[in-house]
Amino acid sequence: NGCQITGHEFFEHFFFSFTCDKVCRNGKQGTVYLGHRVADEFGVAIKVLDQYFSNTGTATRHRFNSREVANLRLLRSKHVPKLLDYDLSETGYLIMERAPGLTLHDWLRQDVLFNGALGRSLMRDSFEALAAVQKNEIVHQDIAPKNISVHIRHQDARVWLLDFGLSKLVGA
């Protein structure tokens, strides 16, 4: 494997189904790894709960991750990665479809110039992603360039909204 996920005996068995290619980023709730499903090379993102977050208490960990799982299962949008598998017990992981491309944060740092057609495509997809979240009465609570993935092909942009770790339902 290209990287090691440590601190969880479960992952020895886990790697028969998935491989880890690299660490994507570390967040407050855990570490996200990029990898793929062994059977068909399908790209995945694997979110493993951080040890510190795991030790904050079962109730706190379960509340945050239960909301994230529930909201990801509720959302059916081409702009939100699908939740493929999860375990909220001791191991604490979520496996999601991998969003291709770069985060908007990384993309903008490249000083890329784009024309009006690409800009319109980027904005259209961004609004469609936000509309899907709003339609399901979910508040993302962490919309930022680091939580938006942009994949550009020719003059068309595809936007993915990432990281629903702080999300909650309206009124919840």
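Here, the structure is the one placed above.
Now for a quick tour of the structure. Since we're looking at a predicted model, the values are computed, not measured. (Residues numbered from 1 in each chain as written. Predicted model: local features only at pLDDT ≥ 70, side-chain atom pairs only at ≥ 80, totals over all residues. Heavy atoms only, no water.)

### A look at a nonpolar patch on the surface
In step 1: Where nonpolar side chains cluster on the molecular surface, the patch consists of Met123, Phe127, Leu130 and Ile143 and spans about 380 Å² of accessible area.
In step 2: Mapped onto the secondary structure, phenylalanine 127 falls in helix 5 (residues 116-135). (Patch = residues over 30% accessible without salt bridge, like charges linked within 9 Å, V, L, I, M, F, W, Y side chains within 5 Å. Areas by Shrake-Rupley, 256 points an atom, 1.4 Å probe, with all protein chains shown as cover. Salt bridge = Lys/Arg side-chain N within 4 Å of Asp/Glu carboxyl O. Helix = DSSP H or I, 4+ residues; strand = E, 2+ residues; numbered from the N terminus.)

### Structural notes on the sheet that holds strand 4 (residues 83-87)
In step 1: If you walk across this open sheet you meet the five strands as 1-2-3-5-4, and the pairing is antiparallel. Two strands in the sheet have a free side with no partner beyond their single neighbour: strand 1 (18-26) and strand 4. Averaged over all pairs of adjacent strands, the angle between strand axes in this sheet comes to 20°, irrespective of strand direction.
In step 2: In the sheet, strand 3 (residues 43-49) pairs with strand 5 (residues 93-97) via five bridges, with the strands oriented antiparallel. Residue pairing across strands places lysine 47 opposite leucine 94, the latter belonging to strand 5. (Pairing = 2+ DSSP bridges. Axes fitted to C-alpha atoms, helices over the stretch in contact; angles between N-to-C directions.)

### Points about unusual backbone geometry
Among all residues except glycine, the phi angle is most often negative; among peptide bonds, the trans geometry is most common.
In step 1: Notably, glutamate 41 is not glycine yet its phi reads approximately 65°, a positive angle.
In step 2: Here glutamate 41 falls in the exposed class, since its relative accessible area comes to 54%.
In step 3: Unlike most non-glycine residues, aspartate 163 shows phi in positive territory, near 55°.
In step 4: For aspartate 163, the position within the fold is in the loop between strand 9 (156-161) and strand 10 (168-169).
In step 5: Overall, aspartate 163 belongs to the partly exposed group, its relative accessible area being 27%. (Buried < 20%, exposed > 50% of the residue type's maximum accessible area, 1.4 Å probe, protein only.)

### Some points on the pattern of salt bridges
In step 1: All told, the structure shown has eight salt bridges when counted by the stated rule.
In step 2: The residue lysine 78 makes a salt bridge to glutamate 128 at a minimum N-O spacing of 4.0 Å. Taken as a pair, lysine 78 in the loop between helix 3 (58-74) and strand 4 and glutamate 128 in helix 5 lie far apart in primary sequence, 50 residues in all.
In step 3: It is possible to trace a salt-bridge network through shared partners that takes in Lys78, Arg124, Asp125 and Glu128.

### What to know about the layout of surface pockets
In step 1: Its volume calculated, the largest pocket comes out at about 840 Å³.
In step 2: Considering the residues around the largest pocket, the lining is formed by 33 residues, among which Cys24, Arg25, Val32, Lys146 and Leu162 are closest to the centre.
In step 3: Mapped by element, the contributors of at least two residues to the lining of the largest pocket are strand 1, strand 2 (30-37), strand 3, helix 3, strand 5, strand 6 (102-103) and helix 4 (104-109).
In step 4: Sort the elements by how many residues they give to the lining of the largest pocket and strand 1 lands first, with four residues.
In step 5: Residue composition of the lining of the largest pocket, grouped by class: 13 nonpolar, nine polar and 11 charged. (1 Å grid on protein atoms, 1.4 Å probe; cavity = no way out; pocket = protein on both sides within 12 Å on 5 of 7 lines; lining within 4 Å. Points joined across faces, edges and corners; volume = space filled by probe spheres on them. Nonpolar A, V, L, I, M, F, W, Y, C, P; charged D, E, K, R; others polar.)

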